[in-house]
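Notes for the structure review
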Amino acid sequence: MIAILGADGYVGFPLCMHLVNKGFDVVGVDRFLRRQWVAEVGSHSAVPIVSMKERLKAMERHIGKSMCFEYGNLTDYDFVHYVLDKYKPDTIVHLGEQASAPFSMIDVKHAVLTQTNNLVGTLNIIYAIHNLIPHCHLVKLGSMGEYGTPNIDIPEGFLDIEYNGRKDTLPFPKHAFTDWYHWSKVYDSDNMIMACEIWGLRATDIMQGIVYGTRTVEMCDESLNTRFDFDSVFGTALNRFCAQSILNHNLTPYGAGGQRRPFIALADSIQCFLLAIENPAEKGDYRVFNQFDEVYSTIELARQVKAVADKLGFHTEIEHYPNPRVEDEHVQYYNPLHEKLYQLGFHPAHTLQQELEVMLKDLSKYRDRIMAKKDKVSPSIQWRS
Ligand code: USQ
């Protein structure tokens, strides 16, 4: 049995479908906070998504099997204990966190919400595994943003160093991106390291890059689609550039556009999760996978989107927008390493170039929904305020 925490999310729902399709028994857990938070900032998913009840029925119809589902709050230990005791999963994939950097920067309330939600949820899961199912493998979604953009290569989690004539292998020093959200992932990672040491937790910390795409093979019906956020709070730069193209709106790389980020297609991300699940960490092992395929700067991203948009007949220009964030806009060196997933058999099947055309065509069907939230495209949250 596999438990997917955050089963209603952009990656969570397609991952559930894929695992069910592969024959696994799955229990999904969610409290629909992402839907609420996007509504709170006045937006909605460009791709319409149906309720979980309808999603489960559609899975049954199209895949021939569905999953169990539990609604509840991961920051409530009694709930986490109840779910793990009831299903006793061999693997837990924890995707159930607040994942937006801008949302975490709105004000103190949202900073505290982000860090409380993320840290307390993960701690509850670690404790419930220890108390109930110590053999269980925890696959936890971290972020490549935990590392920031240091001026040296970024290994997968650990660094061999020599200092004052002595050598050691230590967790890579994290200098995360400048927002409360990315730092919450750093603190989660530290807590997992400790639980592996003292309790023999087996854990895989997934440093994932930015995930893109509108499709996986299981999405054969509109009810099985996953969400696509494009507003300035929950939309990633790439999603926003795509939505902006549909509106013939200028593309908005913030500042100089030299911010560099790693990327992975949705279907490839799911392939990686499957590899992590099928090849669990050893007891007491805290291992890290850098889960991404390609690296682009935001200006390169904007140029790629514009090229595909032009080809499809949309009219966009690139406009360097005043940066609402406080961040390095001129990253000179960015070289994260990523070998472990490839060693396990990861074969990326999608490139950004190919997927962009699919994404723009898919999104053009929902132009009216994007148009309805046009006022949510310009950034509203300033890091300095
Ligand atoms: N940016 C623009 N223009 C926009 C929006 C953003 O230039 O219209 C810039 C930002 O200033 C930033 C870069 O694009 O420098 C990336 O921002 P983003 O919103 O696309 O992504 P980010 O904040 O890095 O966070 C996203 C997900 C997060 C995940 C992370 C993976 O929201 O959940 O953890 O990507 S990574 O970036 O590898 O840390």
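Structure report, in brief. This one's a predicted model, so the numbers in the text were calculated from it and none came from an experiment.

Here we take up the sheet that holds strand β10 (residues 260-265). Pairing is mixed across the open sheet formed by three strands, whose spatial order is β9-β10-β12. Bordering the open sheet on either side are β9 (210-212) and β12 (294-297), each of which pairs with just one other strand. Each strand of the sheet is rotated relative to its neighbour by a mean of 40°, with strand direction disregarded. Here β10 pairs with β12 via four bridges, running antiparallel. Within the sheet, the bridge partner assigned to F263 lies in β12 and is E294. Lying over the sheet, helix α9 (residues 266-278) contacts β9 and β10, oriented at roughly 80° with respect to β10. Strands β10 and β12 of the sheet are contacted by helix α10 (residues 298-311), whose axis makes an angle of about 95° with β12.

When you line up the elements, D30 lands in strand β2 (residues 26-30). Of note is the side chain of D30, whose polar atom sits 2.7 Å from the backbone nitrogen of D8.

We now examine the layout of surface pockets. In this structure, the largest pocket occupies an estimated 220 Å³ of space. Around the largest pocket sit 15 residues that line it, and T216, V217, A267, D268 and H350 are the ones nearest its centre. The set of elements that each furnish at least two residues to the lining of the largest pocket consists of α9 and α12 (352-364). Considering each element in turn, the lining of the largest pocket owes the most residues, five residues, to α9.

To describe a pair of aromatic rings, you give the distance between the ring centres and the angle between the ring planes. The final tally for this structure, using the stated rule, is 12 aromatic pairs. Between Y147 and F172, the ring centres sit 5.7 Å apart and the planes meet at 80°, which makes this aromatic pair edge-to-face. Taken as a pair, Y147 in the loop between β5 (137-141) and β6 (158-163) and F172 in the loop between β7 (166-171) and α7 (180-199) lie far apart in primary sequence, 25 residues in all. For the pair Y147 and F172, a shared accessibility class is recorded, and that class is buried. Ring pairing ties together the aromatic residues F32, F69 and Y71, which thus form one cluster. The ring of F13 has R55 lying over it, and the distance from NZ or CZ to the ring centre is 4.0 Å. Directly above the ring of F177 sits R261, whose terminal nitrogen or CZ lies 3.7 Å from the centroid.

This part covers the pairing of strand β1 (residues 2-5). Residues I2 and I4 of β1 are buried on one face, and the alternating residues A3 and L5, pointing to the opposite face, are buried as well. For β1 and β2, the ladder comprises four bridges, and the chain directions are parallel. Considered in β2, the bridge of I4 is made with G28. This β-α-β element, β1 to helix α1 (residues 12-21) to β2, shows right-handed connectivity. When β1 meets strand β4 (residues 91-94), the two strands line up parallel, connected through four bridges. Residue pairing in the sheet places L5 in a bridge with H94 of β4.

Rules of the game
- Residues numbered from 1 in each chain as written.
- Predicted model: local features only at pLDDT ≥ 70, side-chain atom pairs only at ≥ 80, totals over all residues.
- Heavy atoms only, no water.
- Pairing = 2+ DSSP bridges.
- Helix = DSSP H or I, 4+ residues; strand = E, 2+ residues; numbered from the N terminus.
- Axes fitted to C-alpha atoms, helices over the stretch in contact; angles between N-to-C directions.
- Contact = heavy atoms within 4.5 Å.
- Polar contact = N/O pair within 3.5 Å; in protein donor to acceptor, adjacent residues only side chain to side chain.
- 1 Å grid on protein atoms, 1.4 Å probe; cavity = no way out; pocket = protein on both sides within 12 Å on 5 of 7 lines; lining within 4 Å.
- Points joined across faces, edges and corners; volume = space filled by probe spheres on them.
- Phe/Tyr/Trp six-rings, centres within 6.5 Å; stacked < 30°, edge-to-face > 60°.
- Buried < 20%, exposed > 50% of the residue type's maximum accessible area, 1.4 Å probe, protein only.
- Lys NZ or Arg CZ within 6 Å of the ring centre and 35° of its normal.
- Right-handed = clockwise from strand over helix to strand, strands pointing away.

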